[in-house]
Amino acid sequence: MLEIQLQEVSKRFQYEWIFKKLSLTINSGDALAITGGNGSGKSTLLKCLSGVIPISSGKISFKLEGKEIDDGDKYKFLSIAAPYLEVPEEFTLSELICFHFQFKRPLEGITTNDLLDIIYLKEHQSKQIAQFSSGMKQRLKLGLALFSDVPLVLLDEPTSNLDQKGVQWYQDLIGKYKRNRTLLVCSNDPREYEFSTNKIALEDYK
Ligand SMILES: Nc1ncnc2c1ncn2[C@@H]1O[C@H](COP(=O)(O)OP(=O)(O)OP(=O)(O)O)[C@@H](O)[C@H]1O
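Everything numeric in this text was worked out from a predicted model, so none of it was measured.

Draft legend 1. Region of the structure containing the pairing of strand β7 (residues 152–156). Counting buried positions along β7 gives five out of five residues, so the element sits mostly inside the fold. Burial along β7 is two-sided: Leu 152, Leu 154 and Asp 156 and Val 153 and Leu 155, pointing in opposite directions, are all buried. With four bridges connecting them, strand β6 (residues 78–81) and β7 associate as parallel partners. Considered in β7, the bridge of Ile 80 is made with Leu 154. The sheet contact formed by β7 and strand β8 (residues 182–186) spans five bridges and is parallel. Bridge pairing in β8 links Leu 154 to Leu 184. Following the backbone out of β7, through helix α5 (residues 164–177) and into the adjacent parallel β8, one traces a crossover that is right-handed.

The structure is reproduced here in structure tokens:
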């Protein structure tokens, strides 16, 4: 059971405040939509939450079964799919999945073969990622994030580069595999977060 608490969290780049005094509790199993116009700070907030970049003030705490997790260990409990996160292009698909699951265990009961089927890329398993289309890469990123056995899944613009079939696939995937995990989705597209249980708009924290 992972609980995330944000206490008066603010972030600025040089003299530009991106968001200010954001306080929020995200309970285990919540599906939170983080909305806001272009440039409002959605990706910045996700990066702060994952520990990729520091916050300017306030506190973000992760508590697992009531015990606070050290900042340096937070990455172990989360997975991310985002447009700015690249996957190593020199690997084949099978090699990459195998590599990824050496660091993050797959969801219980899911094998590499299952994942290849679910992301409908089985016939491309021996192809180098460099030769993937943008939609194929996106299905791969979503698959790796959702099928990692972590209590927190962070998704930034999850349907970017997906066609209509891909959007439907994404919605079905969340329905089937969210399980009891916490999900945070940064988005401007309601189709990406229609399942959400809570929603914040970053315009409210300027
Ligand atoms: N490393 C950085 N240095 C300086 N400014 C930055 C940096 N990263 C982001 N910003 C600024 O922070 C603001 C928020 O950007 P961010 O990418 O978080 O917005 P967003 O809501 O995710 O936008 P979009 O919907 O277009 O993806 C922008 O003004 C952006 O220029």
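Draft legend 2. Geometry of the sheet that holds strand β2 (residues 16–26). Read across the sheet, four strands follow the order β2-β1-β4-β5 without closing on themselves; strand pairing throughout is antiparallel. With partners counted over all chains shown, the strands left at the sheet margins are β2 and β5 (67–68), one partner each. Here seven bridges tie strand β1 (residues 2–13) to β2, and the two strands are oriented antiparallel to one another. Among the inter-strand pairings, Val 9 is bridged to a residue of β2, identified as Leu 22.

Here is what the cut-offs are and how they apply
- Residues numbered from 1 in each chain as written.
- Predicted model: local features only at pLDDT ≥ 70, side-chain atom pairs only at ≥ 80, totals over all residues.
- Buried ≥ 20, exposed ≤ 12 C-beta atoms within 10 Å, placed from the backbone.
- Helix = DSSP H or I, 4+ residues; strand = E, 2+ residues; numbered from the N terminus.
- Pairing = 2+ DSSP bridges.
- Right-handed = clockwise from strand over helix to strand, strands pointing away.

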